[in-house]
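Remarks on the overall topology
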Amino acid sequence: MHLTGIVILGLCCAIGGAAQAARQLPTGAVEIRSPDGRIRAVFSLLDRPGEPSAPAYSVDYRNRELVHAGGLGIDLAPSGPMRSHLKVTRVTRRSIDGSFSLVAGKNARVRDHCEEAVISLSEQGPPHRRFELIVRACDDGVAFRYRVPSQVGLADLVVTDEQTTFAISGNPTAYTLPVPSYTTPYEFHYQARPVEAIPDGALLALPLTLRYADNTCLAITEADLDDYAGLYLGGTASPGVLVSRLSPRLDAPGIKVRTRLPHLTPWRVLMIAKEPARLVESNLVSILSPPCALADTSWIHPGKTTFPWWNGYDVEGQPFKGGLNTETMKYYIDFCAAHGIPYHSLDGLDNIAWYGGTIVPYVGQGITESLPGLDLQGVIAYARQKGVRLRLWMHSGAPRAHMKTAFPLYEKWGIEGVMVDFVERDDQETVNFIHDLVALAAKHHLTVTLHNISKPTGLSRTYPNLLTVESSWNLEYNKWDPVGVRPEHELTIPFTRMLAGPVDFHSGSFRNVTEAQFKPRNVAPVTIGTRARQLARYVVYDGGLPMMADSPDAYRGQPGLDLLTAIPTTWDQTRTLNGEIGKYITMARRSGRQWYVGAMGGSEATVLNVPLRFLGTGRYTAEIWSDDVIRPNQPTSLLYRKRSVTSADILQVAMAPAGGQVIRFTPKR
């Protein structure tokens, strides 16, 4: 392989003058360093067999190569691929250092600090097409995207394939999410295997996380997905080399994207950290997404919601049968009002939607009238009287057909938001539909939850009314799956799926059992793990609209209910105190002057030492909700104690099998 022309995009940290001298760049190379100097970006033109002057990139971190000679380029119709015979015509640079606010996220205020280079490329011969590669190096990763400008001879952008590849150096462990097709939700189990063992032809959903033996982590995902096809990775015959796969259009499977010029592709994001815990803290997907499009966000109020579908509309000791009826809705609303839960969700039951007709398949029914026995307007009025607001679930086919009519009515009625389900695609048309839906919902002051859908890509920054997204194997599977959701899966989510954005997980079960006791059941399902673990998930998992998915009867009078309703849904600051993929995690989040710490352990009993350096000066009261480790077969037990601490202390966090712990720190006056 011969280096020609030049532009190299690689990441590395210069540890000293000798190290820098040992890694001289080829003549004419463009170097992009992260602000802290640990990351350097290098992009190159290489002579590949049959493809002279082909764009490629490499990635190093702390002077260690993570990606080598990854390919770049786009295949277009009818003019052919733009991936060889290229020359660099211009390089422009700028430094970015700003900040922005998030309505709901890891941090209330996020710093955007990076170095950027825009590399202009053109073909050396006919048809002389042009495109740009935009590269940013931040302290927690690198991102790049293509920009195809308007130009003579190229009327529209018709993408048949993207030639971005990820040639992983070494043989780290890859935490992958294999999916059977492009038309499916991301509700599958993660598989851990050496990256070189990923089979040829495997279709992998993002994010994909790689961990080296020294704990260095690299995660691959995308950001700012707009008017483009969703990105997957495919295994190849070359060990460790992963190739881009774009979700095809349903109306023309050979075409992935058809749009006008000029056009920006989504960012291809490489998140980098020295250990898994640092990876979880990254805000890179939000940083790379467009700024908030809303002039006013004061109407958006993150909070918890009931979700009776999960527990099968369970009611006990009542003179009515639980279900899609007015009495059940009022029963749940009364519970919300009594415990300060701001929202109640109206869903479906036994494949019948609240608006009538089957849930699947959706057959065109409207979404402004309810089925017999459910007085929708009466329930809305009752909720308003009780200080509770309703959220309305719907199959994605319903807003496709009716949102322009229904959403203005929902605003008039005082509906808080919508939950859109069964999306199951991320082709270009579906991506555009989701953007239109979230924007229209914002226009009518409605928040949005998305289920049965692919990973988030930063849209919550642009439209903060998008509060949470499912796209994971989650606790709904405890209703029917014989294995259920195991602790190791729950402890893989923060280091993989959650890197892309907020997670909706059907949390809040108070029917807690051990792994040996678990059996699936559709009504009043149980969950594996302790009561403290369920509570800890509200601290560990990101999301502005977490569910309280169990029934009022499961919660009422139970230890932990007061804590569950008190845990905030927005945070000022987030720190990951420790974490090992699939084994344990401890997260600290600050709301005002209080800190909450949530810890979750694996299938075996776990003991962690947690330094309290994140606390400010002075003394704090630590309230601790923990497992009864003496009686691990009593997972509903919840112990409570207090102690006085300072930032110099180290707390020992002991957890039962599939256990957890929550600690609230309040400064003393």
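Residues numbered from 1 in each chain as written. Predicted model: local features only at pLDDT ≥ 70, side-chain atom pairs only at ≥ 80, totals over all residues. Heavy atoms only, no water.

With 16 residues, helix α8 (residues 428-443) extends 23 Å from end C-alpha to end C-alpha; this agrees with the ideal 22 Å at 1.5 Å per step. Within α8, burial applies to Q428, T430, V431, F433, I434, H435, L437, V438, L440, A441 and A442. Contacts made by the buried residues of α8 are with β20 (257-260), α7 (397-413), β28 (417-421), β29 (447-450), α9 (459-462) and β30 (466-469). Two or three places before E429, at the start of α8, stands the capping residue D427, its side-chain oxygen 3.2 Å from that residue's backbone nitrogen. Backbone geometry just downstream of α8 places H445 in the positive-phi region, at approximately 55 degrees. (Helix = DSSP H or I, 4+ residues; strand = E, 2+ residues; numbered from the N terminus. Expected span 1.5 Å × (residues − 1). Buried < 20%, exposed > 50% of the residue type's maximum accessible area, 1.4 Å probe, protein only. Contact = heavy atoms within 4.5 Å. Polar contact = N/O pair within 3.5 Å; in protein donor to acceptor, adjacent residues only side chain to side chain.)

To continue, consider the confidence of the model for the protein. When pLDDT is averaged across the protein, the result is 94; 96% of the residues are at 70 or more. Confidence over residues 1-22 falls short of pLDDT 50; this stretch has 87 contacts with residues more than four positions distant or in other chains. (pLDDT = per-residue confidence, 0-100.)

The next thing to look at is the environment of K443. Of note, K443 is situated in helix α8. It is 8.8 Å that separates the C-alpha atoms of K443 and P408, two residues lying 35 residues apart in sequence.

Attention now goes to the pairing of strand β17 (residues 217-223). Most of β17 is tucked away, with seven of its seven residues classed as buried. The two faces of β17 match: C217, A219, T221 and A223 on one face and L218, I220 and E222 on the other face are all buried. One ladder, built from four bridges, connects strand β16 (residues 203-211) with β17; its direction is antiparallel. Among the inter-strand pairings, R211 is bridged to a residue of β17, identified as C217. (Pairing = 2+ DSSP bridges.)

In this section: the side chain of S551. Tracing the sequence through the fold places S551 in the loop between β33 (547-548) and α12 (552-555). Accessibility expressed as a relative area gives 0% for S551, which makes it buried. In terms of polar contacts, S551 uses its side chain to reach the side chain of R511, at 2.9 Å.

It is worth spelling out unusual backbone geometry at this point. The phi torsion of most residues other than glycine is negative, and most of the peptide bonds are trans. With an omega dihedral of 10 degrees, the bond running from P126 to P127 counts as a cis peptide bond. Its place among the elements puts P127 in the loop between β9 (109-123) and β10 (130-138). Looking along the chain, the bond that leaves L261 and enters P262 is cis, with omega of 0 degrees. With respect to the helices and strands, P262 occurs in the loop between β20 and β21 (263-264). With a phi close to 60 degrees, H128 is a non-glycine residue in the positive phi region. As for its placement among the helices and strands, H128 is situated in the loop between β9 and β10. Residue classification places H128 among the partly exposed positions, given a relative accessible area of 46%. Positive phi values are uncommon outside glycine, yet A524 reaches one of about 50 degrees. Looking at where A524 falls in the secondary structure, it is placed in the loop between β31 (512-513) and β32 (527-528).

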